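Architecture and fold: a report
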Amino acid sequence: LVRMGYYDDVAFFRAIAGFVVQWGIHGEPEVNRAWKKATIAADEVKQSNVAGTLSFAMAASPTSRTTQLFINLRDNTNLDAMGFAPVCRVVDGMASVDAIFTGHGSEAGRDQAAIQTEGNAYLRERYPNLDYIQRAVVAPLK
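Residues numbered from 1 in each chain as written. Predicted model: local features only at pLDDT ≥ 70, side-chain atom pairs only at ≥ 80, totals over all residues. Heavy atoms only, no water.

1. Some words on the packing of aromatic side chains
Which entries qualify depends on this criterion: The rule is short: rings of Phe, Tyr and Trp, with Trp giving its six-membered ring, pair when the centres are within 6.5 Å, and they are stacked under 30 degrees, edge-to-face over 60, tilted in between. For the purposes of this entry, the term helix denotes a DSSP run of H or I that reaches at least four residues, the term strand denotes a run of E that reaches at least two, and both are numbered from the N terminus. The buried label applies to any residue whose accessible area, calculated with a 1.4 Å probe on protein chains only, is under 20% of its type's maximum; exposed applies above 50%, and partly exposed to all values in between. Counting as a charge over the ring demands two things of the Lys NZ or Arg CZ atom: a distance within 6 Å of the ring centre and an angle within 35 degrees of the ring normal.
One pass over the full model with this rule turns up five aromatic pairs. For the pair F70 and F84, a centre-to-centre distance of 5.6 Å together with 70 degrees between the ring planes defines the contact as edge-to-face. Of this pair, F70 sits in strand 5 (residues 69-72) while F84 sits in the loop between strand 5 and strand 6 (86-89), and the two are 14 residues apart along the sequence. An identical accessibility class is assigned to F70 and F84; each is buried. Centroid distance Y122 to Y127: 6.3 Å. Interplanar angle 65 degrees. Geometry classified as edge-to-face. You can call Y127 buried: its relative accessible area is 5%. Through pairs of rings, three or more aromatic residues link up here, namely Y6, Y7 and W35. Above the face of the Y132 ring, R124 is positioned so that its terminal group lies 4.2 Å from the ring centre.

Right, dumping it as structure tokens:
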């Protein structure tokens, strides 16, 4: 997804201070339509959801994972038993993560159907202060 540019110009639409920041709904409705039924295989929970770890968001079960991810802003170890498996960790730049706008909390994410069908136009009109990923890249570890 990163290599194909899926996360470029994607909003952090659910950002709850002291909990998580979530993203992964594409800004173009036609891209969302193409990915609507795609799921990502579940991972076994081998690490805990501590501050700085990234996990895939899901609806009801680990088999419902799609393109959405979140970064834990604090230790959320209660998510481990629910099947949220961290897939990586922020190793540099957590200050940037902590600076993501959280003023809307989960409000913008409450209508994910509108985000899916109207994309960034909807978000930019209704929630102009959201932060966005400008461009995501896969970089080698240093």
